[in-house]
Amino acid sequence: MISLLELKNISKVYHTADLEQRALDKISIQFRECEFVSILGPSGSGKTTMLNIIGGLDNYTSGDLLINGISTKKYKDRDWDTYRNHSIGFVFQSYNLIPHQTALSNVELALTLSGVSKEERRQKAKEVLKKVGLQSHMNKKPNQMSGGQMQRIAIARALINDPDILLADEPTGALDSETSVQIMELLKEIAKEKLVIMVTHNPDLAKKYSTRIVKLLDGQITDDSNPVVDSISVDQEKKEKTKKKSKKKTSMSFLTALSLSLNNLMTKKGRTILTAFAGSIGIIGIALILSLSSGVKGYISRVEEDTLSSYPISIEEQTVDTSSMIMSLMTYNQRKEDHPLDKIYSGNIMGDLINTLAAQMQTNNLEEFKKYLEDDKNQLKDYVTALEYGYHVDLQLYKSDTSDGIVRVNPTTILNSFGVSGMDSMVELQDQFGGGSMSSATNVFQELLDNRELLKTQYDIVAGTWPEAYNEVVLMIDDNNEISDYALYALGVKNQKELNDSYKNVLEGKTVETEESTYSYEEFLNMTFKLVLNTDYYEKQNGVWIDKKEDEEYLKKLIEMGEEIKIVGIIRPNEESLTTSTTGAIGYTSDLTKHVIQRINESEIAKEQKENPNQNVFTGLEFNTSDEKFDINTLTPEQQAYLASLSQEELARVITQYTTNAKATYEDNLLTLGIVDENKPSTIYIYPKDFDSKEVIIDKIEEYNNRAKENNQEELVINYTDVVGAMMTGVSSIIDTISYVLIAFVAISLIVSSIMIGIITYISVLERTKEIGILRAMGASKKDISRVFNAETLIEGLVAGVIGIMVTLLLNIPINIVIKSVVNISNISQLPAVGAVILVTISVILTVIAGLIPSRMASRKDPVEALRTE
């Protein structure tokens, strides 16, 4: 026989105030490896206390408990947890099953604490349930079974981990006599392989089924029917086995804790949902504020993007510091002199203005700055929606149909049609010295922003498609599907002669009436224009290039042979777009500009002029750098012979060309022919993504200027024009500030909700006190108990967060409808996905924090006291 368990002088003393109660008084007893021991005695004799000490649920005051000869004096909480889980199986009078778990889950719980895999513990649980005759009831919950069946489940749970000792506390106390016999027979069978210690008040059952009866009275053994007489040493193998078991630490996985908590919460669905909803109120408030804040910021970003697409940072080849001019005008009144008031005096400001204009006229080296912009090291492209380069070249476009006369649609001649003569010269002058703003205002052909995605947010395609090739353009109509009659006359859709007639009628005092015209989309989609290059107007005759613009037949042939430009789409401003990046009637891509520049540079006259920078291709003479007038005698004999062969009209035209170009420079000729270098733009337009990006870009420009100054390269310093300025700077930060203040207020409700969940968790701890005792009896550690309740608060927090986000998404629908109807802005309330995830995470964190105190309280509960709770 081998001694499995030994109590040496075990005493247990309870202290209450000044009172001392000795539950056990120096008890010494040994138990064999396989026997059925019944402990009898009246209430208060110490039976249950002795059983709890043997089971590791209660600590002894003095003495020693030896397991296979190994002392437990130095056992810590973790050691006792392992001992209960691997060596002890408990069977209680009141069954102590977890009510929200099935029979199968109750039985396999001890294996879960041991870290056994799901498949293995499920298989073992089924086997042990079959052993106790409950294989057909494994999916039932305790409240669906009889007392005898529940006790069998309790025995199955006690046996699942193959313990060395089975402790039964009044296992038949709540059963009828027939069921009691069945349970006792089952325990008797188990005692053949294990040590079974049973506490009972029934001496008849003890005598009938036990192999040994121990009687207790006042905490002392008064009788032992079959004591271990000889002191038996435990063999080394048993000691090693016990040591090995003590090293197997119990640990409940978090998934198991989640499962236990979820099942418990599901038994109280109503309270769980209401608690979660209450917890979600703070989340809903913050989520709504975040939705509106995010939507408003998004709207502001769209406004910024739209605004900046119309008012970019502009840098021109030649620029004037307009602020200095304005200051010159503003200081006029401050410089008045006192005069006698008998005469009228001139206030001289024009001289100062002219001097200021001359002093402030600055030239920008756009070639070098273009290199800087396109250098990836400077990362400027990260802050712009588009970079647009302008060149001194006007697209020469004509109406394809010349049967009713030649109509140049770009640059437009519409103002000349009703008597405003010399307009072309004014436009050319403005293009050379003012950056082209005049031609931009009068022409109906405008280059589209080089950012298709931004254009798609500003415009809707109402017919056709966006341009895909360089020779494809789009017609731009306003939000009311209108196009100005100015554009219609400029494009030749309406006859420009009507304007001349109308102008004459007005001068004669007649009233001019106009009628509204309508057109189908198809009429414009089938419209084409012809592209003529600046260099095509010139024909080489006797070594010089003659301007043939006034030769109608020549011009008609040019138009007929010109490249076709076709309208492929009709676009209309998006109803939510505050501004649009392009004005005018026809929009073309930068590819067309690049194509024209390339074709011009490949032309014969362009090559000849560039190869002979000192010779004027229009006269055949060297460029005149002096003030000498044109002298026909300076022509070559061949040129003079050519002039002699011309008619008077032709001769007059050629002489005019000679005299006009006599003082022209090489640069003038390049400008006339439209010869430009793509690396040398005349204007640069930078379109920032938003106002913050604009500030970064300006900082980058200043950085470029400072570097140029440090290197004594003042000629590289760039002067720019920022039309928008700080118009909307700081708006986003104001929205952020308001949002943070509102969120801070609403966060209070979130914290209150979390505290409420903490209180609900504390109530749950009180409700599940017996479950805590059951788990501890099976070997669950204090950390495992904390984990169970932390899992419960995590679930509550997660559900609260999800409910909050779902309610917010639902509320955003009517909010957006109302805002749309009031201010005509769509989707202003939008909850960002990242924000939703963060809010759910915050909800979980706060509820877990709020539940830390209740879960800690749960882990510190005395398992013996917990098991007594009803």
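Bear in mind that the values here come from a model prediction, so they are computed numbers and not experimental data.

Enquirer: Tell me about the overall build of the protein, and name the residues and values.
Expert: Along the protein, the regular secondary structure elements total 33 helices and 26 strands. Put simply, the protein has 870 residues, and 48% of those count as buried. In the protein, once contacts between residues fewer than 6 apart in sequence are set aside, the share between residues at least 24 apart is 79%. With the model as given, the accessible surface of the protein reaches about 43,900 Å², and the carbon-plus-sulfur share is 52%.

Enquirer: Can you break down empty space enclosed by the protein residue by residue, with the values?
Expert: Applying the stated criterion across every chain yields a total of 4 cavities of 30 Å³ or more. Its volume calculated, the largest cavity comes out at about 120 Å³. Lining the largest cavity are 15 residues, with Ile88, Gly89, Phe90, Arg157 and Met778 sitting closest to its centre. Breaking the lining of the largest cavity down by element, the ones donating at least two residues are helix H2 (77-87), strand E6 (88-92), helix H5 (147-159) and helix H29 (769-777). A per-element tally of the lining of the largest cavity places E6 first, with 4 residues. Considered class by class, the residues forming the lining of the largest cavity number 10 nonpolar, 3 polar and 2 charged.

Enquirer: An account of the packing of aromatic side chains is requested, with residue identities and associated values reported.
Expert: Two numbers describe a pair of aromatic rings. These are the distance of the centres and the angle of the planes. Scanning the model with the defined rule gives 9 aromatic pairs in all. On the basis of an interplanar angle of 50 degrees and a centroid distance of 4.8 Å, the ring pair of Tyr372 and Tyr704 is categorised as tilted. Here Tyr372, found in helix H13 (residues 366-374), pairs with Tyr704, found in helix H27 (residues 691-710); they are 332 residues apart in sequence, far enough to count as distant. No difference in accessibility class separates Tyr372 from Tyr704, as the two residues are buried. Ring centres 5.4 Å apart and planes at 85 degrees place the aromatic pair Phe445 and Phe529 in the edge-to-face group. Within this pair, whereas Phe445 is found in strand E17 (residues 445-447), its partner Phe529 is found in strand E20 (residues 528-532), the two being separated by 84 residues in sequence.

Enquirer: Tell me about the sheet that holds strand E11 (residues 313-316), residues and numbers included.
Expert: Judged by pairing direction, the sheet is antiparallel, and its 4 strands sit side by side in the order E14-E25-E11-E26 without closing on themselves. A single partner strand is all that each edge strand has here, and the edge strands are strand E14 (384-390) and strand E26 (721-722). Strand direction decides the pairing type here: E11 and E26, joined by 2 bridges, are antiparallel. Each bridged residue has a counterpart across the sheet, and for Ser314 the counterpart in E26 is Thr721. Running at roughly 30 degrees to strand E25 (residues 683-688), H13 makes contact with E11, E14 and E25 of the sheet.

Enquirer: Please provide a residue-by-residue account of the sheet that holds E6, values included.
Expert: The 6 strands lie next to each other as E6-E7-E8-E3-E9-E10, forming an open sheet whose pairing is mixed. Whereas interior strands pair on both sides, the edge strands pair on one side only; in this sheet they are E6 and strand E10 (220-224). Between one strand axis and the next, the sheet turns by 20 degrees as a mean value, whatever way the strands run. Looking at chain direction, strand E3 (residues 35-40) and strand E8 (residues 195-199) are connected through 5 bridges and run parallel. Looking at E8, one finds that Ile39 is bridged to Val199. Sheet strands touched by H2: E6 and strand E7 (165-169). Its angle to E6, the strand with the most contacts, is close to 75 degrees.

Enquirer: Help me get a handle on the pattern of salt bridges, residues and values and all.
Expert: In this structure the tally under the stated criterion is 28 salt bridges. Here Glu120 ties to Lys124 by a salt bridge, and the two come within 3.5 Å at their closest N and O atoms. You can see Glu120 and its partner Lys124 sitting in helix H4 (residues 118-131), 4 residues apart, about one turn around the helix. Residue classification places Glu120 among the partly exposed residues on the basis of a relative accessible area of 38%. We classify Lys124 as partly exposed; its relative accessible area is 33%. The residue Asp162 makes a salt bridge to Lys194 at a minimum N-O spacing of 2.5 Å. Linking Asp162 in the loop between H5 and E7 with Lys194 in the loop between helix H6 (177-190) and E8, this pair joins segments that are 32 residues apart in sequence. Looking at Lys194, the relative accessible area reads 10%, which means it is buried. Linked through salt bridges whose partners overlap, the residues forming this network are Arg32, Glu35, Arg212 and Asp224.

Enquirer: Tell me about the pairing of E3, and name the residues and values.
Expert: With respect to burial, E3 is a largely interior element, 6 of its 6 residues being buried. Along E3, one buried face is formed by Glu35, Val37 and Ile39 and the opposite face, lined by Phe36, Ser38 and Leu40, is buried too. Relative to strand E9 (residues 212-217), E3 is paired through 4 bridges, and the arrangement is parallel. Directly across from Ser38, in E9, lies its bridge partner Ile213.

Enquirer: Could you give an account of the confidence of the model for the protein, naming the residues involved and the relevant values?
Expert: Confidence in the prediction for the protein averages 81 pLDDT; 83% of positions are at 70 or higher. Mean pLDDT values over the elements of the protein span from 45, in helix H15 (residues 423-433), up to 95, in E20. In the predicted structure, residues 421-439 sits below a pLDDT of 50 and forms 29 contacts with residues beyond four places in sequence or in another chain.

Enquirer: Quick rundown of the nonpolar core? Include the residues and the values.
Expert: Residues Leu5, Leu7, Phe31, Leu187, Ile197 and Leu775 are the most contacted members of the largest nonpolar core, which totals 89 residues. Membership of the second largest hydrophobic core comes to 72 residues, among which are Val409, Ile565, Ile597 and Phe623.

Enquirer: An account of the packing of helix H3 (residues 103-113) against H5 is requested, with residue identities and associated values reported.
Expert: Close contact between H3 and H5 brings their axes to 7 Å; oriented N to C, the two are set at 30 degrees. The angle between the axes of H3 and H5 places the two elements in the roughly parallel class. Once H3 is placed against H5, the crossing between them reads as right-handed. In contact with Ala103, Asn106 and Val107 of H3, H5 contributes Ile153, Ala156 and Arg157. For the contact of H3 with H5, the class distribution of residues is 4 nonpolar, 1 polar and 1 charged.

Enquirer: Would you mind going over the side chain of Asn616 in detail, with residue names and values included?
Expert: Positionally, Asn616 belongs in the loop between helix H23 (604-611) and helix H24 (637-644). Of note is the side chain of Asn616, whose polar atom sits 2.8 Å from the backbone nitrogen of Phe618.

Enquirer: For the packing of H23 against helix H26 (residues 666-673), give the residues involved together with the corresponding values.
Expert: For the pair H23 and H26, the least separation of the axes is 11 Å and the interaxial angle reads 165 degrees. Relative to H26, H23 is oriented roughly antiparallel. At the point where H23 passes H26, the crossing takes the left-handed sense. Contact residues: H23 offers Ile605, Gln609 and Lys610, while H26 offers Tyr666, Asn669, Leu670 and Leu673. Residue composition of the contact of H23 with H26, grouped by class: 4 nonpolar, 2 polar and 1 charged.

Enquirer: Account for the layout of surface pockets, with residues named and values stated.
Expert: Roughly 580 Å³ of volume is contained in the second largest pocket. Taken together, 26 residues make up the lining of the second largest pocket; nearest its centre are Thr48, Thr49, Asn52, Asp169 and Arg868. Here the lining of the second largest pocket takes 4 residues from helix H1 (residues 47-54), the largest share from any one element. Taken together, the residues of the lining of the second largest pocket sort by class into 8 nonpolar, 12 polar and 6 charged.

Enquirer: Hey, could you go over a nonpolar patch on the surface for me, with residue numbers and the actual values?
Expert: On the surface, Ile751, Ile755, Ile759, Tyr762, Ile763, Leu766, Ile853 and Met857 cluster together into a nonpolar patch covering about 720 Å² of accessible area. Those elements that place two or more of their residues in the nonpolar patch are helix H28 (731-767) and helix H32 (852-859). For the nonpolar patch, the element with the highest residue contribution is H28, accounting for 6 residues. Mapped onto the elements, Met857 comes out in helix H32. The class of Met857 is partly exposed, set by a relative accessible area of 38%.

Enquirer: Lay out H6 in plain terms, naming residues and giving numbers.
Expert: Relative to the 20 Å expected for 14 residues at 1.5 Å per residue, H6 spans 20 Å between its end C-alpha atoms, a close match to the ideal helical length. What H6 keeps buried is the set Thr179, Ser180, Ile183, Met184, Leu186, Leu187 and Ile190. Down the axis of H6, the smallest arc covering the buried residues is 160 degrees, so these residues share one side. What points out from H6, more than 90 degrees from its buried face, is the exposed set Ser177 and Glu178. If you follow the buried residues of H6, they end up packed against E3, H5, E7, E8 and helix H7 (203-209). A side-chain oxygen of the first residue of H6 lies 3.2 Å from the backbone nitrogen of Glu178; this N-cap is Asp176.

The rules behind these values
Residue positions are given per chain, counted from 1 along the sequence in the order it is written. Note on the predicted model: pLDDT of at least 70 is required for a residue's local features to be given, and 80 or more for side-chain atom pairs to be given and counted; whole-chain, interface and lining totals, by contrast, use all residues. Excluding hydrogens and water, the side-chain values take into account all heavy atoms of the structure. We count a stretch as a helix when DSSP gives it H or I for four or more residues in a row; a strand needs E for two or more, and each element gets its number in order from the N terminus. Relative accessible area decides the class of each residue, using a 1.4 Å probe on protein chains only: under 20% of the type maximum gives buried, over 50% gives exposed, and in between gives partly exposed. By the convention used here, residues are in contact when the closest approach between their heavy atoms is within 4.5 Å. All accessible-area figures derive from a Shrake-Rupley calculation using a 1.4 Å probe, and residue coverage is judged against the displayed protein chains alone. Method remark: on a 1 Å grid restricted to protein atoms, a set of points is classed as a cavity if a 1.4 Å probe fits but cannot get out and as a pocket if it is open with protein on both sides within 12 Å along at least five of seven lines; lining residues have an atom within 4 Å of a point. Grid points are joined across faces, edges and corners, and a volume is the space filled by probe spheres set on the points. Each residue gets one of three labels, nonpolar for Ala, Val, Leu, Ile, Met, Phe, Trp, Tyr, Cys and Pro, charged for Asp, Glu, Lys and Arg, and polar for the others, Gly among them. Note on aromatic contacts: the rings of Phe and Tyr and the six-membered ring of Trp form a pair at centre separations within 6.5 Å, being stacked when their planes are under 30 degrees apart, edge-to-face when over 60 apart, and tilted otherwise. Each pair of strands is called paired provided DSSP finds at least two bridges between the two strands. Between N-to-C directions, angles cover 0 to 180 degrees, with each direction set by a line fitted to C-alpha atoms, over the stretch in contact for helices. Throughout this description, the term salt bridge denotes a Lys or Arg side-chain nitrogen within 4 Å of a carboxyl oxygen of Asp or Glu. For every residue, the predictor assigns a confidence score, pLDDT, that lies between 0 and 100. Here, the term nonpolar core denotes a set of buried Ala, Val, Leu, Ile, Met, Phe, Trp, Tyr and Cys residues that are joined through side-chain atoms within 4.5 Å. Orientation labels follow simple angle bins: below 35 degrees gives roughly parallel, above 145 gives roughly antiparallel, 65 to 115 gives roughly perpendicular, and whatever is left gives oblique. Crossings are assigned a handedness: left-handed for a near helix turned anticlockwise from the far helix by less than a right angle, right-handed for a clockwise turn. Any pair of N or O atoms that falls within 3.5 Å is considered a polar contact. Within protein, one atom must be able to donate a hydrogen and the other to accept it, and sequence-neighbouring residues count only if both atoms are side-chain atoms. The patches reported here contain residues having more than 30% relative accessible area and no salt bridge. Joining distances are 9 Å for like charges and 5 Å for nonpolar side chains (Val, Leu, Ile, Met, Phe, Trp, Tyr). Multiplying 1.5 Å by the residue count of a helix minus one yields the expected span of that helix. The arc under discussion is defined with respect to the helix axis, by the directions toward the C-beta atoms.

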